[in-house]
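Chains, contacts and geometry: an overview
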Amino acid sequence: AKAAGKNRFLRFHPDMMTALVQRTHMEAGLQLAVARGEISVDFQPIVSHRMGQVVTFEALARWDRDGGRVPPSVFIPLAERTGLINEIGTEVMALGMVQLAPWLSEDPSRSLAVNVSGVQLQDPLFAQTVLRLAEASGVAAYQLVLEVTESVFFDADCSLIKQLSSLREEGARVALDDFGTGYSSLGRLQDLPVDTVKIDRTFVSMVRTGNERLPILSSMINMAHSLGLTVTAEGVETAAQADYLAALDCDSLQGYLFSLPQPGRRLENALQQAEEA
Ligand code: C2E
Ligand code: CA
Ligand code: CA
Ligand code: CA
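The present account deals with the structure reproduced in this document. Worth saying up front: this structure is predicted, and the values here are computed from it rather than measured. (Residues numbered from 1 in each chain as written. Chains lettered and ligands numbered in written order. Predicted model: local features only at pLDDT ≥ 70, side-chain atom pairs only at ≥ 80, totals over all residues. Heavy atoms only, no water.)

Bringing the site of ligand 1 into the picture now. Contacts to ligand 1 come from 21 residues, most closely from Q44, R62, N115, E237 and Y256. Within the contact set of ligand 1, a nitrogen atom lies 3.0 Å away from a side-chain nitrogen or oxygen of Q44. For ligand 1, an oxygen atom lies 3.3 Å from a polar atom in the side chain of D178. Taking 800 Å² as the accessible area of ligand 1 by itself, protein coverage stands at 82%. Those elements giving two or more residues to the shell around ligand 1 turn out to be β2 (53–65), α2 (72–82), α3 (85–105) and β6 (173–179). Per-element tally for the shell around ligand 1: the top contributor is β2, with four residues. Its residues placed into classes, the shell around ligand 1 shows nine nonpolar, five polar and seven charged. (Near = heavy atom within 4 Å. Polar contact = N/O pair within 3.5 Å; in protein donor to acceptor, adjacent residues only side chain to side chain. Areas by Shrake-Rupley, 256 points an atom, 1.4 Å probe, with all protein chains shown as cover. Helix = DSSP H or I, 4+ residues; strand = E, 2+ residues; numbered from the N terminus. Nonpolar A, V, L, I, M, F, W, Y, C, P; charged D, E, K, R; others polar.)

And the structure:
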């Protein structure tokens, strides 16, 4: 038994070692990329269904490494574990504000959405940093949307609530990202300091023909509306999905149907494409 245990250890050891080395390697790479300013942002439009206009751009972090792109689903969790998310989050916000400032200044009803990790909200200076960046780039605080997932409220300490509250007092809005995928969902919604819910794309993808009955979608939208919240649907890929959601009075839509996330220099393209969709 002892020998088998030893063998098992020996068999697993190289794999564990490889995984560890790979992770350390990627971590070092990410740290270097952040230091060198190699994290960039793409913007994806969010379209108001009533106005048929782009009202918001969501900034999404990008890391191009050795000619390839490391997906955010890989490097964001890594950044959260190592604390690098604070720097990345600040960089994404700063880049987003600077690149979008001209577009935002043309119309006060336009906004910039950024994803905020729970780790960032633990920083007691978070709200202050956001407001300082906004002021430096000439973006009004009320033109900011902070996208957070339900999980940040799970063991919400008063610091987190304080950060979000002081930003909301300045007019910034909070959106609940990936809505419907968490544990608390509908019941707890009224207790959360949020202005908007973003329905996760797993629900949107349930619409295939547009003729099906999907009470879950209408419940989510009606519930949010009855609480005075606005609703965005993410991952809208087909016209059938857009029509279905519009018929349920979903306020805004986001997804490949309108535009892929685009770099700031192609904002004009994204706008045109999204408003023609
Ligand atoms: P998310 O916030 O839910 O962002 C939406 C994701 O869905 C993006 O993936 C976007 O490119 C993708 N998407 C948009 N429309 C469609 C569609 O029609 N169909 C499909 N299949 N996908 C669509 P991306 O850019 O790979 O980002 C993945 C996740 O990484 C984000 O999910 C967000 O949770 C996280 N993330 C990205 N940038 C940041 C950031 O700056 N800070 C933080 N904390 N998280 C970030
Ligand atoms: Ca988001
Ligand atoms: Ca989302
Ligand atoms: Ca998501």
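Next comes the rest of the description.
With that settled, consider the packing of α3 against helix α5 (residues 126–137). Interaxial distance between α3 and α5 falls to 9 Å at its minimum, and their mutual angle equals 25 degrees. The angle between α3 and α5 places the two elements in the roughly parallel class. You can see that α3 and α5 cross each other, and the crossing is right-handed. Contacts between α3 and α5 involve T90, M93, A94, M97, V98 and A101 from the former and F126, T129, V130, L133, A134 and S137 from the latter. Of the residues that constitute the contact of α3 with α5, the class distribution is nine nonpolar, three polar and no charged. (Axes fitted to C-alpha atoms, helices over the stretch in contact; angles between N-to-C directions. Parallel < 35°, antiparallel > 145°, perpendicular 65-115°, else oblique. Left-handed = near helix turned anticlockwise from the far one by under 90°. Contact = heavy atoms within 4.5 Å.)

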